[in-house]
Amino acid sequence: MGNDSKEDYIKAIYHLEKELYRPIKSIELAKYLKISKPSISEMIRNLIKLKLVNFKDKKLSLTKKGIKEAEWITYKHRIIEVFLTEFLKLKSGVHEEGNKLEHAFSDKSIQKISLLLKNPQFCPHGKPIPQINFKI
């Protein structure tokens, strides 16, 4: 199981749970990620083994550990989006670039970028950046 793929699933579950205000069905996750149901099922089994996801009554929800990891991934993504718009002056494709780069930057680099940006509260799309306590 690739770490990038695992992070994409966790982030997707996190965002779907927030959008729908409830645990989600695996078919909803498959549609959201545009991935086949068998691939979703395999990853869900792996995420359950890692104690990142609960599967009850045919619905998925993140565990506390899963939520913490999803918030960190979301934090990285949104910090990168701010960096791309404020420093590189990108006007389009920022979300897609953020999806790629959230896997590439180390945690320490993200923390330093956040400090450079003066710990922004919102991404360029107006969504809140999760508040993460860290020390460098």
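These numbers were taken from a predicted model, which means no experiment stands behind them.

> Would you take a moment to explain the packing of aromatic side chains for this structure?
Two aromatic rings, taken as a pair, are described by how far apart their centres are and by the angle between their planes. This model, assessed by the stated rule, comprises two aromatic pairs. Here the aromatic rings of W72 and Y75 are separated by 5.1 Å at their centres, their planes lie at 20 degrees, and the arrangement is stacked. A residue pair is termed a helical-turn pair when its members lie 3 or 4 positions apart in one helix, as W72 and Y75 do in helix α4 (residues 64–86) at three residues. Each of the two residues, W72 as well as Y75, counts as buried. Both rings, one in F83 and one in F87, keep their centres 5.5 Å apart while their planes meet at 20 degrees; by these two values the pair is stacked.

> It is not clear to me how a nonpolar patch on the surface should be interpreted in this structure. Could you clarify?
Residues F87, L88, L90 and L116 make up a contiguous nonpolar surface patch of roughly 360 Å² in combined accessible area. Relative to the assigned elements, L116 resides in helix α6 (residues 107–116). Among the residues examined, L116 registers a relative accessible area of 47% and is labelled partly exposed.

> Hey, could you run me through the side chain of E81 in this one?
By the secondary structure assignment, E81 is in helix α4. There is no salt bridge for the buried E81, and the closest opposite charge comes from R78, which lies 5.2 Å off by N-O distance. For E81, the residues in contact, after removing those within four places along its chain, are V94, H95, C123, P124 and H125.

> Any chance you could explain the environment of S36 here in plain terms?
Within the secondary structure, S36 is located in the loop between α2 (26–33) and α3 (37–49). In this structure S36 comes out as partly exposed when scored by relative accessible area, which is 40%. Here S39 takes part through its side chain, which lies 3.1 Å from a polar atom of the side chain of S36.

> I keep staring at the pairing of strand β1 (residues 53–56) and nothing clicks. Help me out?
Sheet topology note: the β1/strand β2 (residues 59–62) ladder contains four bridges and is antiparallel. In the strand pairing of β2, K56 is matched with K59. Counting the residues in the hairpin turn of β1 and β2 gives two residues, including D57, whose phi is positive at 55 degrees.

Parameters at a glance
Each chain carries its own residue numbering, running from 1 in the direction its sequence is written. Under the rules for a predicted model, residues below a pLDDT of 70 receive no local features and side-chain atom pairs below 80 are neither given nor counted, while totals for whole chains, interfaces and linings still include all residues. Excluding hydrogens and water, the side-chain values take into account all heavy atoms of the structure. Each aromatic pair joins two rings of Phe, Tyr and Trp (for Trp, the six-membered one) with centres within 6.5 Å, and gets the label stacked for planes under 30 degrees apart, edge-to-face for over 60, and tilted for any other angle. Elements are defined by DSSP. Helices are runs of H or I of four residues or more, strands are runs of E of two residues or more, and each kind is numbered from the N terminus. Note on classification: 1.4 Å probe, protein chains only; a residue is buried when its accessible area is under 20% of the maximum for its type, exposed when over 50%, partly exposed between these limits. Each patch is assembled from residues with relative accessible area greater than 30% and no salt bridge, linking like charges that lie within 9 Å and nonpolar side chains (Val, Leu, Ile, Met, Phe, Trp, Tyr) that lie within 5 Å. Per-residue accessibility takes into account occlusion by the displayed protein chains alone, with areas from the Shrake-Rupley method and a 1.4 Å probe. We define a salt bridge as a contact between a side-chain nitrogen of Lys or Arg and a carboxyl oxygen of Asp or Glu at a distance within 4 Å. Two residue types count as positive, namely Lys and Arg, and two as negative, namely Asp and Glu; His and chain ends fall outside the count. Whether two residues touch is decided by their heavy atoms; if any such pair falls within 4.5 Å, the residues are in contact. By the criterion applied in these results, polar contacts are pairs of N or O atoms within 3.5 Å in which, for protein atoms, one can donate a hydrogen and the other can accept it, and in which residues neighboring in sequence qualify only through two side-chain atoms. The pairing criterion for strands is at least two bridges between them, as found by DSSP.

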